[in-house]
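Observations on the model geometry
Each chain, written out:
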Amino acid sequence: MMKVLLVDDEDIEREGMAEIIPWESVGMELVDMAWNGIEALEKMEKNPPDIVITDIKMPVMDGIELIRRARERYPAMGFVVLSGYGDYEFTSQAMELGIRHYILKPCDEKKIVEVLLNLKKDMESQQEKQKSVQKLKKNYRRILPHLKEQILYELITKKELSLADQTLLADFTRNLEDDFILLSVRSPLEFDQLDRFAMNNILEELLGEEAIYAGTAFRKELVFLIPAALLEKTAECIREAHEEYAKYKKLPLHSAVSGNGRIEESYRLYGQIQELFYFEGAEGEQELLRYDRYDGETDTAIVDYDGIRNAGSYGELLFEIYSAYAKMELEGRSEEQMAGIYNFALKRLFGEEEQKAEGKGIWELMEQVTDRCARQRNILLPENKDGERLKLCLYAVYRNLKNPDLSLQYLASEVLFMNEDYFGRFFTRCMHEKYSAFLVRVRILLAKRLLAYFPDMKLSQLAEQIGYPADGQYLSKVFKKQTNMLLSDYRKQIKKEKE
């Protein structure tokens, strides 16, 4: 039964209402009465009612103030307002407080019962809604770790998030201001559910229950999303975590931790972990590979992953693959090493495990990698004579890019054995750009990429790499015209960004 408190400063009306209302038949119990708002609040503290029936005009504290104060402490409490003719101003104030149930004095038993039953119905409906909401919240809390696991997995693997997952991700990140790191734990054998549970508990015990924001698994690898502020603590605890896990399952573990980033950048952070394992190795003596202590002379900037993902044409893809080759060539990498880096890039970008690119020479290798990326991006050249001819032209440009005499006439007559006029028209029609403009643009863009990777590169060496005279004067002139910036200023800007 719902408990009722009756508040009215007129003794006769208060006592009369207490007598005429069939409380039990409406599922209610009159537990107390008060003659003004102050007394009513005092009685509420001792025995909070479900419903308050209150007169609107009373001495000391009126019904409006009583409702306002009671609502602050008991938001689920129901109210019925007793009002008389002429109490319109008070009634309006009650409506502003959300009161919907009124009894106009003088009133009869039938009207009072009708109002009470309507209020009871509304309150029961609201209670049912609250129960449903609480049930949903409970279920949400129960499945929340699984939702986070799913979203983290999709972010790491660069899968397309569903609309529902996008909404959940926005909800997860709404109040998060700090960056995160990814911690990867790898095992020689595949982790099962019990293994995952054990490692999660070990990390929570060492780092704190709130440390593991989300976790997911890839067969032989566990990945945890941890606040970046806990990086040093994570590094301190990882050896102990490995030792504790070894007590449960005698297997050697290897771990790596990424740099900082937002949750939305999990794919990039996971790429850093892959690089650590791939280039530093997972079989060394280190307990934890740390991206923030990676020496910087890495393949991180050799392949521009975002450039490949954002390329809008086969020509743009080929430039990305060639610029990676130019960096590796300057570092003196062998073709075998180049193949390893290209295949690592394919695996990171598209998850490719089989049919590794293994050309008989570097140009065949670059063509295989470019074609593989183009196929994944669905930007292959047309499968007709024009497509074949354009591909031949593009590779001819890059094969001869270091040649200062790479004019339209030279490329057409000496390399492609084509009519100069026909080649010029064909290139412009297919590339939507004149050959001369294309060549300058590619050379300057490559110069910027090489400077970003080798900020201290000599001007003469840079000029030779892109096909300009070794004195660098012509390169400086063209660079200024194309970028509206002095090459020396660009170099300074790059160095400043790397500090």
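Our structure's up above, just so we're on the same page.
Residues numbered from 1 in each chain as written. Predicted model: local features only at pLDDT ≥ 70, side-chain atom pairs only at ≥ 80, totals over all residues. Heavy atoms only, no water.

With that settled, the discussion passes to the environment of tyrosine 213. Inspection of the secondary structure assignment puts tyrosine 213 in the loop between α7 (193-207) and β7 (214-218). When the C-alpha positions of tyrosine 213 and tyrosine 322 are compared, they lie 40 Å apart, and in sequence the two are 109 residues distant. (Helix = DSSP H or I, 4+ residues; strand = E, 2+ residues; numbered from the N terminus.)

Moving on: the sheet that holds strand β3 (residues 51-55). Paired through their backbone hydrogen bonds, the strands of a sheet run either parallel or antiparallel. Reading across the sheet, the 5 strands line up as β2-β1-β3-β4-β5 and stay open at both edges, with parallel pairing between neighbours. The sheet is open, and its two borders are formed by β2 (28-34) and β5 (102-104), each paired with just one other strand. Each neighbouring strand pair of the sheet contributes to a mean axis angle of 20°, computed without reference to strand direction. Where strand β4 (residues 78-83) meets β5, 3 bridges bridge the pair, whose relative direction is parallel. Counterpart to leucine 82 in the pairing with β5 is isoleucine 103. Sheet contacts for helix α2 (residues 37-46): β1 (2-7), β2 and β3; angle to β2, the most-contacted strand, approximately 130°. In the packing of helix α3 (residues 63-73) onto the sheet, the strands contacted are β1, β3 and β4, and the crossing angle to β3 comes to about 155°. (Pairing = 2+ DSSP bridges. Axes fitted to C-alpha atoms, helices over the stretch in contact; angles between N-to-C directions. Contact = heavy atoms within 4.5 Å.)

For the rest of this paragraph, the subject is the sheet that holds β7. If you walk across this open sheet you meet the 5 strands as β7-β8-β6-β9-β10, and the pairing is mixed. The open sheet has two free edges, formed respectively by β7 and β10 (288-290), since each of these has just one partner strand. The sheet shows a mean angle of 20° between the axes of neighbouring strands, direction not considered. Across the sheet, helix α8 (residues 231-248) is in contact with β6 (180-186), β8 (221-227), β9 (254-257) and β10; its angle to β10 comes to roughly 160°.

Bringing unusual backbone geometry into the picture now. Most peptide bonds take the trans form, and the phi angle of most residues other than glycine is negative. Phi at phenylalanine 417 takes a positive value of approximately 55°, unusual for a residue other than glycine. Here phenylalanine 417 shows up in the loop between α15 (408-416) and α16 (420-431). Unusually for a residue other than glycine, histidine 432 sits at a positive phi of about 60°. Positionally, histidine 432 belongs in the loop between α16 and α17 (435-453). Given the relative accessible area of 71%, histidine 432 is considered exposed. (Buried < 20%, exposed > 50% of the residue type's maximum accessible area, 1.4 Å probe, protein only.)

A full pass over the atoms with the stated rule returns 17 aromatic pairs. Seen in terms of ring centroids, tyrosine 245 and tyrosine 248 are 5.6 Å apart; in terms of plane orientation they differ by 65°. Their pairing is edge-to-face. Placement of both tyrosine 245 and tyrosine 248 in helix α8 is noted, with a separation of 3 residues, approximately one turn of the helix. Tyrosine 245 gets classed as buried once you look at its relative accessible area, which sits at 0%. Ring plane angle 25° and centroid distance 6.0 Å describe the contact between tyrosine 322 and tryptophan 363, whose orientation is recorded as stacked. Separated by 41 residues along the polypeptide, tyrosine 322 in helix α11 (residues 314-330) and tryptophan 363 in helix α13 (residues 362-377) bring together distant segments of the chain. Summarising the burial analysis for this pair, tyrosine 322 and tryptophan 363 share the class buried. Among the aromatic residues, those joined into a cluster by ring pairs are Tyr322, Tyr325, Trp363 and Tyr398. (Phe/Tyr/Trp six-rings, centres within 6.5 Å; stacked < 30°, edge-to-face > 60°.)

Once that is clear, we can look at the pairing of β9. Burial of the side chains of β9 extends over both faces: His254 and Ala256 are buried on one face and Ser255 and Val257 on the other. Here 4 bridges tie β6 to β9, and the two strands are oriented antiparallel to one another. Its bridge partner lying in β9, valine 185 is registered against serine 255. Bridge count between β9 and β10: 3 bridges; the pairing is parallel. Of the residues in β10, the one forming a bridge with alanine 256 is leucine 289.

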